[in-house]
Number of protein chains: 4
Amino acid sequence: MLNIQKRIYELLEVAHPDDTASRVTDFFLFVLIALNVAAVILETVEDLAVQFEAVFFYFEVFSVAVFTVEYVLRLWTCVTDKRYARSLSGRIRFAGSWHAVVDLLAILPFYLPMILPIDLRVVRALRFFRLLRFLKLSRYSESIRIFGKVLRSERSELLVALFVAGVLLVLGSSFLYIVEHQAQPDKFSSIPAAMWWGVATLTTVGYGDVAPITPLGRFLGAIVAVMGIGMFALPAGILASGFAKEMGKRRGVHDVCPHCGEPLDAGDSD
Amino acid sequence: MLNIQKRIYELLEVAHPDDTASRVTDFFLFVLIALNVAAVILETVEDLAVQFEAVFFYFEVFSVAVFTVEYVLRLWTCVTDKRYARSLSGRIRFAGSWHAVVDLLAILPFYLPMILPIDLRVVRALRFFRLLRFLKLSRYSESIRIFGKVLRSERSELLVALFVAGVLLVLGSSFLYIVEHQAQPDKFSSIPAAMWWGVATLTTVGYGDVAPITPLGRFLGAIVAVMGIGMFALPAGILASGFAKEMGKRRGVHDVCPHCGEPLDAGDSD
Amino acid sequence: MLNIQKRIYELLEVAHPDDTASRVTDFFLFVLIALNVAAVILETVEDLAVQFEAVFFYFEVFSVAVFTVEYVLRLWTCVTDKRYARSLSGRIRFAGSWHAVVDLLAILPFYLPMILPIDLRVVRALRFFRLLRFLKLSRYSESIRIFGKVLRSERSELLVALFVAGVLLVLGSSFLYIVEHQAQPDKFSSIPAAMWWGVATLTTVGYGDVAPITPLGRFLGAIVAVMGIGMFALPAGILASGFAKEMGKRRGVHDVCPHCGEPLDAGDSD
Amino acid sequence: MLNIQKRIYELLEVAHPDDTASRVTDFFLFVLIALNVAAVILETVEDLAVQFEAVFFYFEVFSVAVFTVEYVLRLWTCVTDKRYARSLSGRIRFAGSWHAVVDLLAILPFYLPMILPIDLRVVRALRFFRLLRFLKLSRYSESIRIFGKVLRSERSELLVALFVAGVLLVLGSSFLYIVEHQAQPDKFSSIPAAMWWGVATLTTVGYGDVAPITPLGRFLGAIVAVMGIGMFALPAGILASGFAKEMGKRRGVHDVCPHCGEPLDAGDSD
């Protein structure tokens, strides 16, 4: 019994490279998740939704069935993991873990209308919770894990950069509001509204739906744009260098001290 | 007496990490400033301004009261600082310092209409001087200090890059003015007007409100755009590398080899 | 006979730097390819197409003649290369190689209407296959080879970055679809339609044809824009650093100290 | 006589740091050039042109007078420079040098209508040649010299990057032309017209005046946009790193070999 539990747990968890059966399970679940995301996306295209209504429905039922079995099996077998060893309290702790919550949220929207008497409009809104199945990918995707790590390691830099960018956004948008409010009372109706201009400008997206038209507004807007680019490009630069560092580590390219020849980041446990 | 003065001065200044009472004062003032900025922003949304008129008013009175007490206390206690030791001349020098001027400007707009008989429209304009309270944040925000330092240390690089970018902006805009003036006399009415196109293009914001329409104008505009990106991306790059250097220093990562302890960038005196 | 074959093969292949005749052949073919691309481009300008109809036609006939002779000669002489030594099987393998397929596709559209009875509309579409002649450049262009190499060496980094960018694109676009669908049913008609907004925003192109108009949509859109810039700037950064590395190698700047001659990046095997 | 010539030559050339008189001359000419550029720009604003017609006119006469005297003096004194030692042939060679040609072009448009009977419209066009006075700045501006040097030293990298970017631009625009021509025959009227879309997209300027509207066009456009950003960001990156290197050199920050301690770029004559 314990052996079957242990084997199932192994199959469901991310596979060791030479456990072929487990890798097949992972791959199957990975593909099923990807297809689910694709289904949610394509179902919003009205023509497809009407034409393939049955396909979408049966695929949804099949997916929920698989994900439900997966969830139940995980809950049953998690006790073979040292972290969740106790029969009840271990399972409760497991159910509260990030991946388990995601797994539950991925199937709940399907069962909810059966249990609770809910409004049809809410049911429609619940459909989009299926997009949360995307998060199930985070268990299998190395890429997302790498990014999570980069975000954590560059946390303080990112916060500093975002704070300064935020200050610039508020100040720049306020100036433009003061200057342009008279000329375009509909577009620069308030500072929050002017911040839509601010974000579009500082990120250099520049939709063009809101733009200053007075000479002074354009002059100030130009200064904000030039200054802002540097600020908003910073987070991108921080991410890029953090990413390069992380990828270097994974490749085993460790910088070496030119004095003693020892790797510089040996103390950095991965 | 002197002890109380000294203690109040300590409380108001940025706290030592283990002076809990002072940290609480700092935190209280920090939050009050942030709420003030939020209030100025939200008050420009007409619906909110009308609905919460009283809330905004009493919050403003409360804030000004606190900031006034803060300013008076600072002025009273500053003599305990060696830099402003003399009773009168020290206080005058303190009142002329950056932070004290900012503190005064943060409360003056409230008192001005009481003292001077001013136009109602000027009073309305004075409201936005409250945004200057944002600058009070600069005393508490590590992030802003870091940026100030980066800007100073990369001053010469930034000036060179901005000068070249400016030359390109003027030349590019002039060319486009010459070429497009005939076809779009309203949008390319003068070289300063064409510079609005220039800024929008070289920063890659590209609102689309002004764009060349003649084949020659588009050809020249394309060349300016391609050339300009490099120029305008430079300040961003300079800021990013200066920021990375500064953050490295703060982390104490003076680039020292963890094994032999020798600094990796030995010749780099801060 | 074999000598002539060998010499022709040498002439057609990329020249050794001191084989002048072969370099002239390369240069002639390079210029002819470039002119062909220019011709395809200019022929789409109606005025030019009408005015220079004859010029375009005879240039096309001349080009196809040259490229046909080139193709036949390559097929005839390829057996002098060790890789394609066998008379028949070698030639078949050669004909299946990348460059040979490109060479064939470059001339086929001209002959196809003579052999098969095809619709005139298809004939018109076939014209654009001449753009494939652009690919013939890849044999001569060092630049394109360098890029190919950079893309290969940074493959894994690029895939990780693109995967995360893709996840962000899908999630961000889905959020915006959910929020904006009611307000702009024509522009945010489905998630795939919303992804057009997503790409325009995350790449910071920002055409402005699709943009959120509801406050919540703008708020979410702003967050997606700020977050997304970093993600979409990553591939650019990866390419740039890979390119810098590759160019450094080509310059022979194997980062060797000019004084003691020791390589600075000793462990870096190419 | 020769002494006066020599002194005048010194005064006009860029000053040695401790030659105060020469620095004053340089500064005066620098300011005059800057004011001239400002005048050309402001004169295109109709209101200013009408109101300050006399000011602009007398300033122009004054400037041309100064620049003419400067040019004549340079021509007279250049023989004291070893490079232009011979009385006639030296002066001819000097007159053909970059700076001398720029100096002549800066004053010629003023004299031309006096000498030749030219059309009034040509006279109007000649006004803009005064913008060439901007180039006179290149003698005094360190910033522009630094950039010139960076452009030269990164020449090969920039060419490779621009070539690949050009290939992508042509291919991407052609694809979009083929796909969108039917749907928007006015905007995607030819491949050159589609290249206006291409430049706006690949530089991420995105005016929005031309954008794909068919699903296939948007799909291809999205791919081109994502791929293109990397390519068009490359020149910016190359410039930035070249600029950082050059500024580092000027600061005397030479990279040092970790093996022998000698500076790595000692052999690189500045």
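Because the structure is a prediction, the values reported are computed rather than measured.

**Some thoughts on the overall build of chain A**
Okay, so step 1: Counting its secondary structure elements, chain A contains 12 helices and zero strands.
Okay, so step 2: Walking chain A from its N terminus toward its C terminus, one meets helices and strands in the order α-α-α-α-α-α-α-α-α-α-α-α.
Okay, so step 3: The buried share of chain A, taken over its 270 residues, is 44%.
Okay, so step 4: Sequence-distant contacts in chain A: of pairs separated by 6 or more residues, those separated by 24 or more amount to 62%.
Okay, so step 5: Here chain A displays about 13800 Å² of accessible surface, and carbon together with sulfur accounts for 68% of that area.

**Points about helix H6 (residues 98-115) of chain B**
All names here are of chain B.
Okay, so step 1: Between its first and last C-alpha, H6 extends 24 Å over 18 residues, near the 26 Å set by a 1.5 Å rise per residue.
Okay, so step 2: Among the residues of H6, those classed as buried are Ala100, Val102, Asp103, Ala106, Ile107 and Pro109.
Okay, so step 3: Where H6 is buried, its residues touch helix H4 (53-77), helix H5 (89-95), helix H7 (120-126) and helix H8 (133-136).

**Details of the confidence of the model for chain A**
Residues and elements named next belong to chain A.
Okay, so step 1: Residues of chain A with pLDDT of at least 70 account for 93%, and the chain-wide mean is 84.
Okay, so step 2: pLDDT under 50 marks residues 265-270. Its contacts with residues more than four places away, or in other chains, come to seven contacts.
Okay, so step 3: Of the two predicted TM-score estimates for the complex, the pTM is 0.86 and the ipTM is 0.85.

**Some words on the relation of the copies chain B and chain D**
Okay, so step 1: Of the transformation placing chain B onto chain D, the axial shift is 0.0 Å and the rotation is 90 degrees, giving an RMSD of 0.1 Å. Such a turn and shift between the copies fits a four-fold axis.

**Structural notes on the interface of chain A and chain B**
Okay, so step 1: At the interface, 45 residues of chain A touch 37 residues of chain B.
Okay, so step 2: Between chain A and chain B, roughly 3500 Å² of surface is buried when both sides are summed, and carbon and sulfur atoms account for 78% of that area.
Okay, so step 3: A salt bridge links B:Asp209 to A:Arg218; the nearest nitrogen and oxygen atoms lie 3.6 Å apart.
Okay, so step 4: The interface formed by chain A and chain B contains three residue pairs in polar contact (both at pLDDT 80 or more).
Okay, so step 5: Contributing elements (two or more residues each) for the side of chain A that touches chain B: helix H10 (155-180), helix H11 (191-202) and helix H12 (215-250) of chain A.
Okay, so step 6: Residue contributions to the side of chain A that touches chain B peak at 12 residues, all from H10(A).
Okay, so step 7: Split by residue class, the side of chain A that touches chain B holds 31 nonpolar, 11 polar and three charged.

**Some details on the interface of chain B and chain D**
Okay, so step 1: Listed as interface residues are 37 residues of chain B and, on the opposing side, 30 residues of chain D.
Okay, so step 2: At the boundary of chain B with chain D, total buried surface from both sides reaches about 3000 Å², with 78% on carbon and sulfur atoms.
Okay, so step 3: At the boundary of chain B with chain D, the tally comes to one salt bridge.
Okay, so step 4: Remark: the boundary between chain B and chain D carries four residue pairs in polar contact (both at pLDDT 80 or more).
Okay, so step 5: Of all the elements in the fold, those that place two or more residues in the side of chain B that touches chain D are helix H10 (155-180), helix H11 (191-202) and helix H12 (215-250) of chain B.
Okay, so step 6: With 12 residues, the top contributor of residues to the side of chain B that touches chain D is H10(B).

**Side note on the environment of B:Gly166**
Residue and element names in this part refer to chain B.
Okay, so step 1: You can see glycine 166 is positioned in helix H10.
Okay, so step 2: Look at glycine 166 and you get partly exposed, because its relative accessible area is 28%.
Okay, so step 3: C-alpha separation for the pair glycine 166 and phenylalanine 232, spaced 66 residues apart in sequence, amounts to 9.3 Å.

**Here we look at the packing of aromatic side chains**
All names here are of chain B.
Okay, so step 1: All told, the structure shown has 24 aromatic pairs over all chains when counted by the stated rule.
Okay, so step 2: Ring centres of phenylalanine 57 and tyrosine 58 lie 5.5 Å apart, and the angle between their planes is 70 degrees; on these two criteria the pair is classed as edge-to-face.
Okay, so step 3: Just above the ring of phenylalanine 67 sits the side chain of lysine 136; from NZ or CZ to the centre is 4.5 Å.

**Examining the packing of H12(A) against helix H12 (residues 215-250) of chain C**
Each packed pair of helices is defined by two parameters, the angle between the axes and the distance between the axes.
Okay, so step 1: Relative to each other, H12(A) and H12(C) sit at 50 degrees, their axes nearing to 8 Å. Judged by the inter-axis angle, H12(A) sits oblique to H12(C). Two packed elements cross with a definite hand, and for H12(A) against H12(C) that hand is right-handed. Listed contacts from H12(C) to A:Phe232, A:Ala236, A:Leu239, A:Ala240 and A:Phe243 of H12(A) are C:Val226, C:Ile229, C:Gly230, C:Met231, C:Ala233, C:Leu234 and C:Ile238.
Okay, so step 2: Each residue belonging to the contact of H12(A) with H12(C) can be placed in one class, and the counts come to 11 nonpolar, one polar and no charged.

**Points about the pattern of salt bridges**
Opposite charge on two side chains permits pairing when their charged atoms draw close.
Okay, so step 1: Evaluated as defined, the whole model comprises 60 salt bridges over all chains.
Okay, so step 2: Via salt bridges that share partners, A:Glu13, A:Glu70, A:Arg74, A:Asp103 and A:Lys136 belong to a single interconnected network.

**Structural notes on the domain arrangement of chain A**
Okay, so step 1: Here chain A is partitioned into domain 1 (2-140) and domain 2 (142-270).
Okay, so step 2: Look at where the C-alpha atoms of domain 1 of chain A and domain 2 of chain A centre, and you get two points 35 Å apart.

**Re a nonpolar patch on the surface**
Okay, so step 1: Together, C:Met114, C:Ile115, C:Leu116, C:Ile118 and C:Val122 line one region of the surface with nonpolar side chains, adding up to about 470 Å² of accessible area.
Okay, so step 2: Of the residues examined, C:Met114 reaches a relative accessible area of 57% and is grouped as exposed.

**Points about the side chain of A:Ser173**
Okay, so step 1: Looking at the secondary structure, you find A:Ser173 in helix H10.
Okay, so step 2: You can call A:Ser173 buried: its relative accessible area is 1%.

**Things to note about unusual backbone geometry**
Okay, so step 1: Non-glycine residue A:Thr204 carries a positive phi angle of around 65 degrees.
Okay, so step 2: Within the secondary structure layout, A:Thr204 lies in the loop between H11 and H12.

**Quick look at helix H8 (residues 133-140) of chain A**
Every α-helix carries 3.6 residues per turn, so stepping three or four residues along brings you back to the same face.
Okay, so step 1: Taking burial as the measure, the eight residues of H8(A) include seven buried ones, the bulk of the element.
Okay, so step 2: Regarding H8(A), the residues found buried are A:Arg133, A:Phe134, A:Lys136, A:Leu137, A:Ser138, A:Arg139 and A:Tyr140.

**Re the packing of helix H1 (residues 2-12) of chain A against helix H2 (residues 20-43) of chain A**
Residue and element names in this part refer to chain A.
Okay, so step 1: Where H1 meets H2, the axes come as close as 7 Å, and the angle between the chain directions of the two elements is 50 degrees. The angle between H1 and H2 places the two elements in the oblique class. Of the residues in H2, those touching H1 at Arg7, Glu10, Leu11 and Leu12 are Ala21, Ser22, Thr25, Asp26 and Leu29.
Okay, so step 2: Here the residues of the contact of H1 with H2 sort into four nonpolar, two polar and three charged.

**Overview of the environment of C:Ser189**
Okay, so step 1: Mapped onto the secondary structure, C:Ser189 falls in the loop between helix H10 (155-180) and helix H11 (191-202).
Okay, so step 2: In the structure, C:Ser189 is positioned 187 residues away from C:Leu2 in sequence and 66 Å away in space, judged by C-alpha atoms.
Okay, so step 3: Once residues lying within four places of it in the same chain are set aside, the contact partners of C:Ser189 are A:Thr44, C:Tyr177 and C:His181.

**Looking at the environment of A:Asp81**
All names here are of chain A.
Okay, so step 1: Along the chain, aspartate 81 turns up in the loop between helix H4 (53-77) and helix H5 (89-95).
Okay, so step 2: The exposure class assigned to aspartate 81 is buried, which follows from its relative accessible area of 13%.
Okay, so step 3: Along the chain, aspartate 81 and glycine 228 lie 147 residues apart, while their C-alpha atoms are 50 Å from each other.
Okay, so step 4: Within the structure, aspartate 81 has its side chain in polar contact with the side chain of tyrosine 9 (distance 2.7 Å).

Reading the values: the criteria
Residues numbered from 1 in each chain as written. Chains lettered and ligands numbered in written order. Predicted model: local features only at pLDDT ≥ 70, side-chain atom pairs only at ≥ 80, totals over all residues. Heavy atoms only, no water. Helix = DSSP H or I, 4+ residues; strand = E, 2+ residues; numbered from the N terminus. Buried < 20%, exposed > 50% of the residue type's maximum accessible area, 1.4 Å probe, protein only. Contact = heavy atoms within 4.5 Å. Areas by Shrake-Rupley, 256 points an atom, 1.4 Å probe, with all protein chains shown as cover. Expected span 1.5 Å × (residues − 1). pLDDT = per-residue confidence, 0-100. Least-squares fit on C-alpha atoms with pLDDT ≥ 70 in both. Buried area = accessible area lost by both parts, 1.4 Å probe. Salt bridge = Lys/Arg side-chain N within 4 Å of Asp/Glu carboxyl O. Polar contact = N/O pair within 3.5 Å; in protein donor to acceptor, adjacent residues only side chain to side chain. Nonpolar A, V, L, I, M, F, W, Y, C, P; charged D, E, K, R; others polar. Phe/Tyr/Trp six-rings, centres within 6.5 Å; stacked < 30°, edge-to-face > 60°. Lys NZ or Arg CZ within 6 Å of the ring centre and 35° of its normal. Axes fitted to C-alpha atoms, helices over the stretch in contact; angles between N-to-C directions. Parallel < 35°, antiparallel > 145°, perpendicular 65-115°, else oblique. Left-handed = near helix turned anticlockwise from the far one by under 90°. Domains from an automatic or database assignment. Patch = residues over 30% accessible without salt bridge, like charges linked within 9 Å, V, L, I, M, F, W, Y side chains within 5 Å.

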